[in-house]
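An overview of the molecular structure
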Amino acid sequence: MIRLPNLWDRLTIDPSKLATIAKDWSEGKVPDLPYVIIGQESAKSAIAAKISMIDGDRMVNSIIQANYGDGKTNIIKYLKLYFDLHPELNVKMLYCRVSMTYHTIQKRIYKS
């Protein structure tokens, strides 16, 4: 089992993105803020349990499915940033959008 130090803690915002975040807010857009996950306790618990089962010998994959606006993209972007900040864990995240009719998703996963 893998240990996940400080998973779900607030991550540091990349200073180079502060101007873009401020501009998005000023224009009324939702900024790209995968630095903290507020609430979502059941999702965070389930995801942490699944990730902690990674043992380094097998690929683990999951599908996150929820309604529009429930925070799926934010959680996935948070996890990508978390693992980018913790290279010692040797976990690689692949984030891609797929349609239900895309039948070769496994090819995309194995190529990355």
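Anything mentioned here points back to the structure above.
In this report, the structure presented in the accompanying data block is examined. (Residues numbered from 1 in each chain as written. Predicted model: local features only at pLDDT ≥ 70, side-chain atom pairs only at ≥ 80, totals over all residues. Heavy atoms only, no water.)

This part is about the overall build of the protein chain. Assigned secondary structure in the protein chain consists of four helices and zero strands. Going residue by residue from the N terminus, the α and β elements of the protein chain occur as α-α-α-α. The buried share of the protein chain, reckoned over its 112 residues, is 24%. Considering only contacts in the protein chain between residues 6 or more positions apart, those separated by 24 or more positions represent 61%. (Helix = DSSP H or I, 4+ residues; strand = E, 2+ residues; numbered from the N terminus. Buried < 20%, exposed > 50% of the residue type's maximum accessible area, 1.4 Å probe, protein only. Contact = heavy atoms within 4.5 Å.)

So, about the nonpolar core. Judged by nonpolar contacts, the single largest core of 19 residues is most densely connected at L4, L7, W8, Y78, L79, Y82 and F83. Broken down by secondary-structure element, the contributors of at least two residues to this core are α2 (41-52) and α3 (72-85). Those residues in contact with Y78 that lie beyond four places of it in its chain are N6, L7, W8, D9, L11, P34, Y35, V36 and I37. (Core = buried A, V, L, I, M, F, W, Y, C linked by side-chain atoms within 4.5 Å.)

Counted according to the given criterion, the structure contains three salt bridges. Close ionic contact of E41 with K44 constitutes a salt bridge, the shortest N to O distance being 3.3 Å. Of this pair, E41 and K44 are both found in helix α2, three residues apart, which corresponds to roughly one turn of the helix. Classification of E41 by relative accessible area gives exposed; the value is 53%. Put simply, D84 and K80 hold a salt bridge, and the shortest N to O gap is 3.2 Å. Residue D84 and its partner K80 are both found in helix α3; the two are separated by four residues, about one turn of the helix. (Salt bridge = Lys/Arg side-chain N within 4 Å of Asp/Glu carboxyl O.)

Geometry only, nothing functional implied.
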